[in-house]
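# Structural features, examined
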Amino acid sequence: MNKIARFMAGNRSARGTEVTMDSWLEGPRPTVLSDGTSICARSSSARQSKTVRIQARSIAFATLALSLVATARAEGPLRFEVTFDRSVRTQPFTGRMLVFLGMPGQGEPRFGPNWFQPKPFFAVEVKAAKPDAPILIGAGAIGFPGPLATVPAGKYSVQAVMDLNPTSHEIGANAGNAYSKPVTLDIDPKTTGVVKLRVDTLIKERKFPETERVKLVDLPSPLLTKFHRRPVHLRAGVILPVDYDKDPNRRWPVVYVIPGFGGDHTMASFMANPDSPIPPGPIAAIVAVLDPDAPTGHHVFADSVNNGPVGQALTTELIPHIEKTFRAVGKPDARFLTGHSSGGWSSLWLQVAYPDFFGGVWSTSPDPVDFRDFQKIDLYAPGENMFKDREGKPRPLARMGTQPVVFYKPFSDMETVLGHGGQLMSFEAVFSPRGADGKPLELWDRKTGEIHPTVAKAWEKYDINLVLERNWATLGPKLKGKLHVITGGLDTFYLEGAVKLLKETLARLGSDAAVEVEPGKDHGSIMTRELRDRIGREMMEKFKQNHPEL
C-alpha cells in the first residue's frame with residue numbers, strides 16, 4: 001500500500017503556488033493602478049474629470065467582481081458555488097465535482113486526501129451542467145469526514161476539482177481533469193455563507209523525462225481497447241544497463257518492477273539513480289518499470305471482469321514488445337519480477353498465474369496474500385465485519401509502530417466520497433464479480449461494515465495462498481526456486497499475518513520458497529539498501545546459472 005518516492009502507497013506531495021484571498025475578505029481596499037496611485041486618491045481629487053471617476057469606479061467594480069469568482073461573504077451556512085470555464089469544457093458536464101480543503105502552506109488541496117492526515121472534502125454528482133452555470137455543493141453534498149456543517153472552523157486552502165477524465169485512479173492530478181486556483185480563507189460552517197470557485201485550469205499530460213538510459217514505452221493495447229471500448233495503452237519506463245551500448249550484439253535479462261499503489265512507470269527516472277532504495281538496484285539487466293494505474297485504482301495485472309485482461313495484455317503484448325525493442329534474452333529464465341505493497345502482490349500473482357513465463361519473483365510487503373487475514377480480517381468467517389471486530393471495537397487499517405492510526409470505517413467513508421480509485425475499492429475492482437449496474441459488487445456494506453459472504457466466496461480465485469494450495473500438484477514443480485517473499489513483522493498495514501499463513505502453507509506443501517518475516521520492520525523500513533542489493537544479486541546469480549555465457 002504505502003510507497004517510497006511514489007513506489008510505496010500514499011499521497012504524492014502537493015506542489016504549487018497558493019493564491020490567497022484573505023485581502024478580499026478583510027473589506028474594501030483602494031485599487032492601485034499601474035502608476036502606483038490608488039483609485040480612491042485619484043477619484044477624490046477635485047482636478048480629476050468625471051470620466052476618470054467613472055473609469056475608477058469601473059475598475060474597482062471589475063476588481064471586486066473578479067474576487068467574487070473565488071469567494072463571497074454572504075452570511076449563512078457554508079456552501080460552495082462552483083462554475084467551470086468554457087476553456088475547460090464547452091459541452092454540458094455530467095460527472096463528479098469535488099471541493100478539497102487543506103492547510104495553508106501545505107500544497108494544493110487537490111492532491112489529497114492524505115491517508116494518515118486527511119482533510120475535509122466534499123462531492124456532488126452533476127448532470128448536464130453548462131459552462132458558467134453554478135454548481136452548488138451544500139448541505140446535500142456527501143462529505144468526509146462528515147457534511148459541511150461539521151467542518152471545524154479555521155483557516156483553509158480551498159480548491160475545486162472537476163472529474164472530467166476518469167482514466168486514472170488520480171483525481172486531482174489526472175490529465176484531462178480540471179481545477180480551480182487554490183484560495184485561502186477563514187471558514188466557519190455556520191456563518192461563512194457562499195464560497196465561489198471557478199474551475200478554469202486543465203491538467204496537462206505529464207511528459208516522460210527520457211534520457212540516454214531511460215526510455216518510454218507507450219504501446220496501444222488491442223486487448224484492453226476492445227474490452228473497455230476506448231483507446232487503452234500499456235506503458236513502461238525502461239532503464240537500460242550502463243554498458244548497454246558497448247556491445248550491440250549482447251542480450252540482457254529483464255527485471256519487471258511493479259510500483260505500489262499510486263506509483264507508475266514514471267518512477268523509472270527515480271530508480272535510474274544508483275542511490276534509489278528500490279530493487280533491483282544497479283545490475284547488469286534491463287529494468288522495466290510498469291504502469292499499474294487504472295480508473296479503479298491499482299489493477300495489479302490480474303485479469304478481471306472489471307479491469308479486463310491486464311495480465312494477458314502484459315504477457316502477450318507489452319513484454320514481447322519490450323524484449324524485442326531492447327535486445328532482451330526473451331526467455332522465461334531471463335525474466336524476473338519484483339514489487340512492493342500492491343506491486344508486491346502483483347508480482348507474486350503474475351509468477352503464480354504465469355509460472356512458465358517468468359523465472360522468479362522477489363515480492364516485498366505484498367497486499368494480503370491470504371484472505372483469512374485480510375489486514376486482520378478473516379473474510380471467510382461467518383459474521384465478520386469490516387468496521388468492527390468480534391468485541392465491537394473499531395478495526396484498525398494502519399499503525400505507527402504498535403499504535404493504530406487509521407481505521408477501516410473512516411477510510412471506507414473517505415473512498416466513498418472520492419467516488420473511484422481508492423485502495424480498498426481497487427481490491428473490489430479486481431476480486432469482485434460485476435454487478436447488474438456494471439460496477440464491482442461490494443464486499444462490505446458501506447454503512448454497517450457487514451461482509452457479504454457470496455462476494456467473499458467469489459474472491460477465492462484471487463486468494464494466492466488458496467490458489468497455490470488447490471493447484472500445488474501442477475504449480476509446485478513449475479515454481480521450484482522461483483518464490484521469494486519478504487515483509488516486516490510490524491507492517492504498517494498489518495500485512496505480515498497473511499504472509500505468515502503463506503509461509504506455513506508452503507512449508508507444509510514441501511516448497512523451497514523463501515518466505516521471510518523481518519522482526520520489527522514496518523512497511524517502509526523493510527526497504528533497505530542491503531535488501532535492494534541482495535535482491536539484485538540473487539536475480540543475477542539465478543540468471544547466470546541458466547546463462548553462464550552471458
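Details of the structure are given in the entry above.
Residues numbered from 1 in each chain as written. Predicted model: local features only at pLDDT ≥ 70, side-chain atom pairs only at ≥ 80, totals over all residues. Heavy atoms only, no water.

With that out of the way, let us pick up the overall build of the protein. Within the protein one finds 14 helices and 22 strands. Buried residues in the protein amount to 53% of all 550 residues. At a minimum sequence separation of 6, the contacts of the protein that also span at least 24 residues come to 73%. (Helix = DSSP H or I, 4+ residues; strand = E, 2+ residues; numbered from the N terminus. Buried < 20%, exposed > 50% of the residue type's maximum accessible area, 1.4 Å probe, protein only. Contact = heavy atoms within 4.5 Å.)

Within the secondary structure layout, Asn177 lies in the loop between strand 7 (154–162) and strand 8 (178–180). In this structure the side chain of Asn177 is engaged in a polar contact, spanning 2.8 Å, whose partner is the backbone oxygen of Ile171. Excluding its chain neighbours within four sequence positions, the residues that come into contact with Asn177 are Met162, Asp163, Leu164, Asn165, Glu170, Ile171, Thr201, Leu202 and Ile203. (Polar contact = N/O pair within 3.5 Å; in protein donor to acceptor, adjacent residues only side chain to side chain.)

When you line up the elements, Glu125 lands in strand 4 (residues 121–129). Taking C-alpha positions, Glu125 is 6.5 Å from Met97, a pair spaced 28 residues apart along the chain. With near-sequence residues (within four places) excluded, Glu125 lies in contact with Gly95 and Arg96. A distance of 2.6 Å separates polar atoms of two side chains, one belonging to Glu125 and the other to Arg96.

Another aspect to go through is the pattern of salt bridges. A complete count under the given rule lists 28 salt bridges for this structure. Here Arg470 and Glu460 are joined by a salt bridge, their closest N and O atoms 3.0 Å apart. Residue Arg470 is located in helix 11 (residues 464–470), and its partner Glu460 is located in the loop between helix 10 (453–458) and helix 11; the two are separated by 10 residues in the primary sequence. The salt bridge involving Arg508 is made with Glu469; its shortest N-O contact spans 2.8 Å. One end of the pair, Arg508, is in helix 13 (residues 496–509); the other, Glu469, is in helix 11, and 39 residues separate them in sequence. Looking at Arg508, the relative accessible area reads 54%, which means it is exposed. A cluster of three or more residues bridged by salt bridges with shared partners is formed by Asp85, Arg86, Asp132 and Arg198. (Salt bridge = Lys/Arg side-chain N within 4 Å of Asp/Glu carboxyl O.)

A few words now on helix 13. Between its first and last C-alpha, helix 13 extends 20 Å over 14 residues, near the 20 Å set by a 1.5 Å rise per residue. Every buried residue of helix 13 is listed here: Glu496, Gly497, Ala498, Val499, Leu501, Leu502, Thr505 and Leu506. (Expected span 1.5 Å × (residues − 1).)

Turning to the pairing of strand 22 (residues 514–518), a few remarks are in order. As a general feature of sheets, a regular strand has side chains that alternate between the two faces. Sheet topology note: the strand 21 (residues 483–488)/strand 22 ladder contains five bridges and is parallel. Bridged to His484 within strand 22 is Ala514. A crossover connection joins strand 21 to the parallel strand 22 through helix 13; in handedness this β-α-β unit is right-handed. (Pairing = 2+ DSSP bridges. Right-handed = clockwise from strand over helix to strand, strands pointing away.)

Read from one edge to the other, the open sheet built from eight strands follows the order 11-12-14-13-17-18-21-22, with strand pairing classed as mixed. Edge positions in the sheet fall to strand 11 (214–220) and strand 22, since each has one partner strand and no second. Along the sheet, successive strands turn relative to each other by an average axial angle of 15°, direction set aside. Across the sheet, helix 7 (residues 342–353) touches strand 13 (254–258), strand 17 (335–340), strand 18 (361–364) and strand 21, and the angle it forms with strand 17 is around 150°. (Axes fitted to C-alpha atoms, helices over the stretch in contact; angles between N-to-C directions.)

Moving on to the environment of Ser180. With respect to the helices, strands and loops of the structure, Ser180 is situated in strand 8. In this structure, the C-alpha to C-alpha distance between Ser180 and Asp85, residues 95 residues apart in sequence, is 9.8 Å. Residues within four places of Ser180 in sequence aside, it is in contact with Gln159, Ala160, Leu197, Arg198, Val199 and Asp200.

With that settled, consider the packing of helix 8 (residues 408–418) against helix 9 (residues 423–431). Two elements in contact, helix 8 and helix 9, have axes separated by 8 Å at closest approach and are oriented at 75°. Compared by their axis directions, helix 8 and helix 9 come out roughly perpendicular. For the pair helix 8 and helix 9, the contacting residues are Tyr408, Phe411, Ser412 and Glu415 in the first and Gln423, Leu424 and Met425 in the second. For the contact of helix 8 with helix 9, the residue count by class is four nonpolar, two polar and one charged. (Parallel < 35°, antiparallel > 145°, perpendicular 65-115°, else oblique. Nonpolar A, V, L, I, M, F, W, Y, C, P; charged D, E, K, R; others polar.)

This next bit is on the environment of Leu490. Here Leu490 lies in the loop between strand 21 and helix 13. Other than its neighbours up to four places away in sequence, Leu490 contacts Arg399, Gly401, Thr402, Glu496, Gly520, Lys521 and Asp522.

Further remarks concern the side chain of His523. As for its placement among the helices and strands, His523 is situated in the loop between strand 22 and helix 14 (529–546). By relative accessible area, which is 0% here, His523 ends up buried. Here the side chain of His523 touches Ser341 through a polar contact of 2.9 Å, side chain to side chain.

The next point concerns the pairing of strand 10 (residues 194–202). Pairing of strand 2 (residues 79–84) with strand 10 involves six bridges; the strand directions are parallel. Residue pairing across strands places Arg79 opposite Val194, the latter belonging to strand 10. Bridge count between strand 8 and strand 10: three bridges; the pairing is antiparallel. Opposite Ala178, over in strand 10, you have Leu202 as the bridge partner.

Next up on the list: helix 14. In a regular helix each residue adds 1.5 Å, so 18 residues correspond to 26 Å; helix 14 covers 26 Å between its end C-alpha atoms and thus fits that length. Those residues of helix 14 lying buried are Leu531, Arg532, Ile535, Gly536, Met539, Met540, Lys542 and Phe543. Across the axial projection of helix 14, the buried residues extend over an arc of 165°, all falling on one side. Across helix 14 from its buried face, at more than 90 degrees, point the exposed residues Glu530 and Gln545. Next to the buried residues of helix 14 lie strand 13, strand 17, strand 18 and strand 21. (Arc of directions from axis to C-beta.)

This part covers unusual backbone geometry. Trans peptide bonds make up most of the peptide bonds, and negative phi angles are found at most residues other than glycine. In the segment running from Phe144 into Pro145, the intervening peptide bond is cis, with an omega of 0°. Inspection of the secondary structure puts Pro145 in the loop between strand 6 (142–144) and strand 7. For the peptide bond that leads from Pro279 to Pro280, omega is 10°, which places it in the cis range. Along the chain, Pro280 falls in the loop between helix 5 (268–271) and strand 14 (286–290). Of note in the backbone geometry, Phe301 takes a positive phi value of approximately 55° without being a glycine. With respect to the helices and strands, Phe301 occurs in the loop between strand 16 (297–298) and helix 6 (310–325). For Phe301, a relative accessible area of 2% translates into the label buried. The backbone of Gln375 shows a phi angle near 55°, a positive value even though the residue is not glycine.

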